[in-house]
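What follows is the residue order along each chain.
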Amino acid sequence: MTRDEFAKLLREFTLSAETGDGARFAAHFTEDATYHDYIYGPHTGRADIAHMMQNLFHRDATDYRWEMFDPVFDGQMGYAWSLSSFTSTIPQFAGQRVVIDGMSRFIVRDGLIAEYRESVNGGVAMQQLGVAPERMAKVFRRWTGWLEERRETKDYFARSKGSRAKPGN
């Protein structure tokens, strides 16, 4: 896959997400792919990814837009910066418009996404929604747990200061 083909995949991926069609969205992933969502957590396999997009995200949001910019791709791994926006349908936040930016990492296998991770400042979204500070703290604790439990984080802390992961890891 070339950089231009990767950019096309990102365009189709985000357009699919905007529609709320879970099967269409999940078709961009390998059968065993994992989508790590900053709100809904990890989802593995096409059926679970489709469910997350269609029955969780589009349950809680409308007017969804998502665009990727400045994609880079090395043949297996790609990154892109994004802007996304939505209007909340969650009863206590209904009608609140949110816009966020983020960075996404894609592991690509045979032209499909095998792993997706995103880094988004969800605190910005919660502020726009008007989430109470106590609830924000609860969410931030959950995100901290996810970060601390990641293999990469554990490996990072297992190395001594000044050492680095081996190239490719």
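Worth saying up front: this structure is predicted, and the values here are computed from it rather than measured. (Residues numbered from 1 in each chain as written. Predicted model: local features only at pLDDT ≥ 70, side-chain atom pairs only at ≥ 80, totals over all residues. Heavy atoms only, no water.)

Among the nonpolar cores identified, the biggest contains 39 residues, and Phe-13, Phe-25, Phe-29, Tyr-35, Trp-66, Phe-106 and Tyr-116 are the most heavily contacted of them. It is helix H3 (residues 46–60) that provides the largest number of residues to this core, a total of six residues. In contact with Tyr-35, other than residues within four places in its own chain, are Phe-13, Phe-25, Phe-29, Gly-41, Pro-42, His-43, Ile-49, Met-52, Trp-66, Tyr-116 and Glu-118. (Core = buried A, V, L, I, M, F, W, Y, C linked by side-chain atoms within 4.5 Å. Buried < 20%, exposed > 50% of the residue type's maximum accessible area, 1.4 Å probe, protein only. Helix = DSSP H or I, 4+ residues; strand = E, 2+ residues; numbered from the N terminus. Contact = heavy atoms within 4.5 Å.)

Once that is clear, we can look at a positive patch on the surface. Where like charges cluster on the molecular surface, the positive patch consists of Arg-135, Lys-138, Arg-141 and Arg-142. Within the secondary structure layout, Arg-135 lies in helix H5 (residues 133–149). (Patch = residues over 30% accessible without salt bridge, like charges linked within 9 Å, V, L, I, M, F, W, Y side chains within 5 Å. Areas by Shrake-Rupley, 256 points an atom, 1.4 Å probe, with all protein chains shown as cover. Salt bridge = Lys/Arg side-chain N within 4 Å of Asp/Glu carboxyl O. Lys, Arg positive; Asp, Glu negative; His and termini not counted. Charge placed at Lys NZ, Arg CZ, Asp CG, Glu CD.)

A surface patch of nonpolar side chains, amounting to about 490 Å² of accessible area, comprises Val-72, Tyr-79, Trp-81, Leu-83, Val-99 and Met-103. Per element, the largest residue contribution to the nonpolar patch is three residues, and it comes from strand S4 (residues 77–88). On the secondary structure map, Met-103 appears in strand S5 (residues 97–109).

As for its position among the elements, Thr-34 is in strand S1 (residues 29–37). Once residues within four sequence positions are removed from consideration, Thr-34 is found in contact with Pro-42, His-43, Thr-44, Ala-114, Glu-115 and Tyr-116.

Working note: a packed helix pair is described by the angle between its axes plus the distance between those axes. Helix H6 (residues 151–158) packs onto H5 with a crossing angle of 65 degrees between their chain directions and a minimal axis gap of 5 Å. Only Arg-151, Thr-153 and Lys-154 of H6 make contact with H5, whose side of the interface consists of Leu-147, Glu-148 and Glu-149. In terms of residue class, the contact of H5 with H6 is built from one nonpolar, one polar and four charged. (Axes fitted to C-alpha atoms, helices over the stretch in contact; angles between N-to-C directions. Nonpolar A, V, L, I, M, F, W, Y, C, P; charged D, E, K, R; others polar.)

A few words on the sheet that holds S4. Strand order in the open sheet formed by six strands is S2-S1-S6-S5-S4-S3, and the pairing between neighbours is mixed. Both outer strands of the open sheet, strand S2 (41–44) and strand S3 (61–73), are each paired with one neighbouring strand and no more. With strand direction ignored, the average angle separating the axes of adjacent strands in the sheet is 20 degrees. Direction of pairing for S5 relative to strand S6 (residues 112–120): antiparallel, over a ladder of eight bridges. Across the sheet, the residue bridging to Phe-106 is Tyr-116, located in S6. Each of S1, S2, S3, S4 and S6 touches H3; the most contacted strand, S1, lies at about 40 degrees to it. (Pairing = 2+ DSSP bridges.)

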